[in-house]
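A structural walkthrough
If you want the building blocks of each chain, they are given just below.
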Amino acid sequence: MTPATEERQLRRALHDTLQSVPPPPVPLEAIARRGKVIRLRRAGAAVGALALAGIVAVTVPALRASHPPAVPPAAPAVTAGPDGVFASGTADGHPWRLAVQNVADPGYRCLPAIVINGTDADPVSPAPGNAASVAPGQAGRGVAFAFIQLPAGVSGVVVNGRQHLPAVIVNACGYRYRLVGFSYPLAGSPRITLAKSYPGWPADVFVPTPTTQDEGLWINTDTAQGVPAPAIVASATVASATVASGTLPGGPGWIIRVQFGPGGDCYEFADSLGRNQMGYCGPVSTPAGPETIMALPLGFGAPGVGAVGYAFPVSPATARVRAVLDNGSSVLATPRIVDGRKYVAFAVPSPRSLHRLIWLDAANRAIASTTAVPQYGYTQFQP
Amino acid sequence: MTNRRDELAAVPDVIGTDGGEDFGAFATSRWAGLVRLAFGLTGDRWLAEDMAQTALARAYVAWRRVSQADDPDAYLRRILVNASHRRFRRRRVAEQPGDPPETPVEGPADLVGERTALLAALRQLPPRQREVIVLRYWADLTDAQIAATLGCSPGTVRSQLSRALAKLRNSPVLAEGDGP
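Further remarks concern the nonpolar core. The biggest cluster of nonpolar side chains holds 90 residues, and the ones touching the most others in it are A:V180, A:M294, A:Y310, A:A311 and A:A345. Looking at this core element by element, the count peaks at six residues for strand β24 (residues 341-349) of chain A. Counting contributing residues, this core receives three or more from each of domain 1 (78-220) and domain 2 (239-381) of chain A. When near neighbours in sequence (up to four residues on either side) are disregarded, A:Y310 contacts A:I293, A:M294, A:A295, A:A323, A:A345, A:F346, A:V348 and A:L354. Of all hydrophobic cores here, the second largest spans 50 residues; its members include A:L18, A:V26, B:F26 and B:A55.

Given below as structure tokens:
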């Protein structure tokens, strides 16, 4: 083969292969959010450098002159411990606690999120201005939990005109959060007032009301549509990626995507042509907490042609998940990493149905198993 | 149960402000090409989408500068290749690819790239040689443009290209086409 022929053949092969890749719709939202996060980090780095320069400028001459350094006035805010807990209590007979913790797997970049009792995470930016609430069923029926991210000039909030909650500073993943958290009856809306007025903030802070239909799914004022946020904030990062793809018997291709962010773990199951799709959001799991198993049934436009797409995050110890179908066959699904979190996804073509899920570790040993699998919507399971 | 499909597809205000309308058109027009280029570099579809997102997010942050550049696409390509390098480093501690499904039922292990001999052959190449091949024969760049993208000299590009072609001659990609 001559060099010219080689080049022609290689060019044609590359063209045929890469042109056959159908890219999904351009994710403008995710791109913009990533861009905002990059801006925030750069701004934070610049502020940090300036602060460091300021500290050096002040302390070095002081040391040289052998004068004792000036002691700044004590900050009025409370600082949380290393566990990141900023609010706790008992509601309806059940203990609860709100904390900021890393929800990425070990070895990846730190992903801070606010969690209720160690699970049902809400990945949020540390910028002030967001308020969010959740109705976690397992922590007590009829109870909701909320947090507010306060600016530095506000020492706390007053709940229903009588309970004063001081702001708690939580340092997590290199960020500094300033938070208040509380529980309240789901049937009522608490009145939250700033302890001190702050420019750009209303005196009464709006806290959204969660619904029991979306247990474990946080509603954030900075991302919920039509909900007034206390102030303009920068949202936490949103990561979007394809977790799995394949072909059903008979030809139709399928793809399962995940979008991880303040709206939850949002999955989309679609045919490869984008004609039919099904999407839904579930609570964000933590690496050690229960896993939210999502089932997305989808028809592929022809009678009898369809599948149920399954997707869920798995623990760091999980190397594979075996999905056993009702006819005894199985699918071995390998996790994909999306923004430092492991996800597994696969499709079960009709008329087959999923019978059992088995979690396997790196040595192919079963870690956990369950037959309590959903056919529609999501369930939570602790492996 | 609420279908969040519309929310997933929603475009935030930020794209329509801050000079973002131009960026939205720019991103839309480049998206498919970036995903395919990244797929050629990695052979992994989800990684490709992630890298394309990263490249466009960085372009968004520097949009004023990028939009006034002589060749915005060169800027995007450089970001993409750099993201590819970071990914290679990160994957060394990441999940290793697992076994394919045990039964004929199609599963997530069916990567698009594994179905083609070309992508299998590209995977055998070192990252730099793979980049040179894809940038030359897919992106149709000159030696100088490839050198600028990779941050090396045109001479290095030519030597990497020569070595890559020598390896590909042993693969079915170039062996099957003996003919005209």
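So, next bit.
Residue and element names in this part refer to chain B. Compared with the 21 Å implied by 1.5 Å per residue over 15 residues, the 21 Å span of helix α10 (residues 154-168) between its first and last C-alpha is a close match. What α10 keeps buried is the set V157, Q160, A164 and L168. Along α10, the residues classed as buried sweep out an arc of 70 degrees about the axis, all on the same side. Away from its buried face, by an angle of more than 90 degrees, α10 presents the exposed residues G155, S162 and A166.

Moving on: the sheet that holds strand β1 (residues 78-79) of chain A. Residues and elements named next belong to chain A. Strand order across the open sheet formed by six strands is β1-β10-β11-β7-β6-β14, with mixed pairing between neighbours. One side of each edge strand has no neighbouring strand; the edge strands of this open sheet are β1 and β14 (219-220). Both strand β7 (residues 143-149) and strand β11 (residues 175-185) contribute to a ladder of seven bridges, which runs antiparallel. From the neighbouring strand, A144 faces β11, where its bridge partner is Y184.

Turning next to helix α1 (residues 3-19) of chain A. All names here are of chain A. Counted at 1.5 Å a residue, the expected span for α1 with its 17 residues is 24 Å, and the 24 Å between its end C-alpha atoms agrees. Among the residues making up α1, those that are buried are Q9, L10, A13, L14, T17 and L18. Along the axis of α1, the buried positions cluster into a sector of 145 degrees, meaning they face one direction only. Opposite the buried face of α1, at more than 90 degrees from it, the exposed residues are A4, R12, D16 and Q19.

Glancing now at the packing of helix α8 (residues 127-137) of chain B against helix α9 (residues 143-150) of chain B. All names here are of chain B. Contact geometry of α8 with α9 gives a least axis separation of 10 Å together with a crossing angle of 135 degrees. Comparing their axes, α9 and α8 come out oblique. For the pair α8 and α9, the crossing hand works out as right-handed. Taken together, the residues of α9 that come into contact with α8 (itself represented by E131, V132, L135 and R136) are I146, T149 and L150.

Reading the values: the criteria
- The numbers attached to residues start from 1 for each chain and follow its sequence in the written order.
- Each chain gets a letter, beginning with A, and each ligand a number, beginning with 1, in the order they are written.
- Residue-level local features of this predicted model are given only where pLDDT is at least 70; pairs of side-chain atoms are given and counted only at 80 or more, and the full residue set underlies all totals for whole chains, interfaces and linings.
- We define a nonpolar core as a collection of buried residues of the types Ala, Val, Leu, Ile, Met, Phe, Trp, Tyr and Cys that are connected via C-beta atoms lying within 7 Å of each other.
- Exposure in this text rests on C-beta crowding, where 20 or more other C-beta atoms within 10 Å of a residue's own make it buried, 12 or fewer make it exposed, and counts in between make it partly exposed. The C-beta atoms are placed from the backbone.
- The way it works is that DSSP assigns letters per residue, a run of H or I at least four long becomes a helix, a run of E at least two long becomes a strand, and they are numbered from the N terminus.
- Domain start and end points were adopted from an automatic or database domain assignment.
- C-beta atoms are placed from the backbone for every residue, and two residues are taken to be in contact when these atoms lie within 7 Å.
- A helix is expected to span 1.5 Å multiplied by its residue count minus one.
- Directions from the helix axis toward the C-beta atoms define the arc.
- Two strands make a pair as long as DSSP finds a minimum of two bridges between them.
- Angles shown run from 0 to 180 degrees and are taken between the N-to-C directions of axes, each axis being a line fitted to C-alpha atoms and, for helices, limited to the stretch in contact.
- Oblique is the label for every angle not falling under 35 degrees (roughly parallel), over 145 degrees (roughly antiparallel), or within 65 to 115 degrees (roughly perpendicular).
- Handedness of a helix crossing follows the sense of rotation of the near helix relative to the far helix, less than a right angle counterclockwise being left-handed and clockwise being right-handed.

Any functional reading would require information that these geometric values do not contain.
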